[in-house]
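What the coordinates show
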Amino acid sequence: MIPLAPPGIDPDEARRRMLEELSKAEYDDSPGFVQWLLETIESWLTEIVQGIDGSSAAQAGLFVLLIALALGVTVLVLRRTGLIRRSATLTVETALDTPEVLSASELRSAARDAVAAGRLDDAAVLAMRALVRDLEDRTLLDVTAGMTAHEAAEGASVPFPELRGRLQLGAQAFDTAAYSYRSVSAKQAEDLVRLTEYIAESSPDLNESPRAAG
């Protein structure tokens, strides 16, 4: 009979290893959510451990299986919520509400350079940051703490209503570049850079903008 797990597996040690893995920095992009998730899993595993004495290979094997299942579900949740980031593949800041360092023009130039160098994810992030900085400088967008790309796109579509669809596609490209394990395509990056440049050279529809009423 083939044992379900190697002899000598310590359930407490298995639990510790899983929690240690989930606590690594690559998962820690939203401390509140991740902390809640870790505490929930730890509580659930503690209840399971209390019912396992570790004396049989079958019990140990069952526990290891549950560990693998919990880890898989956790990683899936973190991926789908964008909390597992590909920060190692990006060389630029992703926050849209960062203090002003580069101007909108400098960000657009950096985005174009990134496209030319094949750094497509960087290009998409820089282009969206340039768009937000440009609209903020022109008092067409109120930038709030933690603003998402989709919030920025929705805000930008007020003074540029005809570009709503392209802005939403740009926000999707930004999210892919900043949060997904997938990379943006050359077309996505180039389209977002061109959109940013087009908006910078275009006049807003002030009849649609709430600022016009003030």
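Now for a look at the structure at hand. (Residues numbered from 1 in each chain as written. Predicted model: local features only at pLDDT ≥ 70, side-chain atom pairs only at ≥ 80, totals over all residues. Heavy atoms only, no water.)

1. Brief notes about the environment of alanine 114
Short version of the rule: A run of H or I in DSSP counts as a helix once it spans at least four residues, and a run of E counts as a strand once it spans at least two, with each numbered from the N terminus. Accessibility here uses a 1.4 Å probe with only protein chains present; expressed as a share of the type maximum, an area under 20% marks a residue as buried, one over 50% as exposed, and anything in between as partly exposed. Whether two residues are in contact is decided by their heavy atoms: any pair within 4.5 Å suffices.
Note that alanine 114 resides in helix H4 (residues 104-116). On the basis of relative accessibility, which here comes to 0%, the residue alanine 114 falls in the buried class. Considered as a pair, alanine 114 and alanine 124 are 10 residues apart in the sequence and their alpha carbons are 8.8 Å apart. Discounting residues that sit within four places of it in the chain, alanine 114 has contacts with Arg119, Leu120, Asp122, Ala123 and Leu126.

2. Section: the nonpolar core
A general feature of soluble globular proteins is that nonpolar side chains tend to end up buried together. Our working definition: Residues enter a nonpolar core if they are buried and are Ala, Val, Leu, Ile, Met, Phe, Trp, Tyr or Cys, with the set joined through side-chain atoms within 4.5 Å.
Counting 38 residues, the largest nonpolar core has Leu96, Met128, Leu135, Leu167, Phe174, Val184 and Ile199 as its most contacted members. With 11 residues, helix H5 (residues 120-137) is the single largest residue contributor to this core. When sequence neighbours within four positions are dropped, the list of residues in contact with leucine 135 reads Leu140, Leu141, Ala156, Phe160 and Ile199.

3. Structural notes on the packing of H5 against helix H7 (residues 164-179)
To keep it simple, the criterion reads: Axis lines are fitted to C-alpha atoms, over the contacting stretch for helices. Their N-to-C directions set the angle, which ranges from 0 to 180 degrees. Throughout this description, any angle smaller than 35 degrees is read as roughly parallel, any larger than 145 degrees as roughly antiparallel, any in the 65 to 115 degree range as roughly perpendicular, and the remainder as oblique. Handedness of a helix crossing follows the sense of rotation of the near helix relative to the far helix, less than a right angle counterclockwise being left-handed and clockwise being right-handed.
For the pair H5 and H7, the least separation of the axes is 8 Å and the interaxial angle reads 130°. The angle between H5 and H7 falls in the class oblique. Here H5 runs over H7; the crossing is left-handed. Of the residues in H7, those in contact with Asp121, Ala124, Val125, Met128 and Leu131 of H5 are Leu167, Gly170, Ala171, Ala173, Phe174, Ala177 and Ala178.

4. As for the environment of alanine 116
Secondary-structure assignment places alanine 116 in helix H4. Residue class for alanine 116 comes out exposed when judged on its relative accessible area of 71%. Separated by 74 residues in sequence, alanine 116 and glutamate 190 place their C-alpha atoms 9.7 Å apart.

5. Some remarks on empty space enclosed by the protein
Applicable threshold: The definitions used throughout rest on a 1 Å grid laid over the protein atoms alone, on which a cavity is an enclosed set of points accommodating a 1.4 Å probe that cannot get out and a pocket is an open set flanked by protein within 12 Å on both sides along at least five of seven lines; lining residues are those having an atom within 4 Å of a point. Grid points are joined across faces, edges and corners, and a volume is the space filled by probe spheres set on the points. In this classification, the charged set is Asp, Glu, Lys and Arg, the nonpolar set is Ala, Val, Leu, Ile, Met, Phe, Trp, Tyr, Cys and Pro, and all remaining amino acids, among them Gly, are polar.
Per the counting criterion, the structure on display carries 1 cavity of 30 Å³ or more. Considering only enclosed or pocket space, the largest cavity measures out at about 40 Å³ in volume. Taken together, Ala95, Leu96, Thr98, Arg129, Val132, Arg133 and Glu136 make up the lining of the largest cavity. Here the lining of the largest cavity is composed, by residue class, of 3 nonpolar, 1 polar and 3 charged.

Fair warning: the whole summary comes from geometry, so function is off the table for now.
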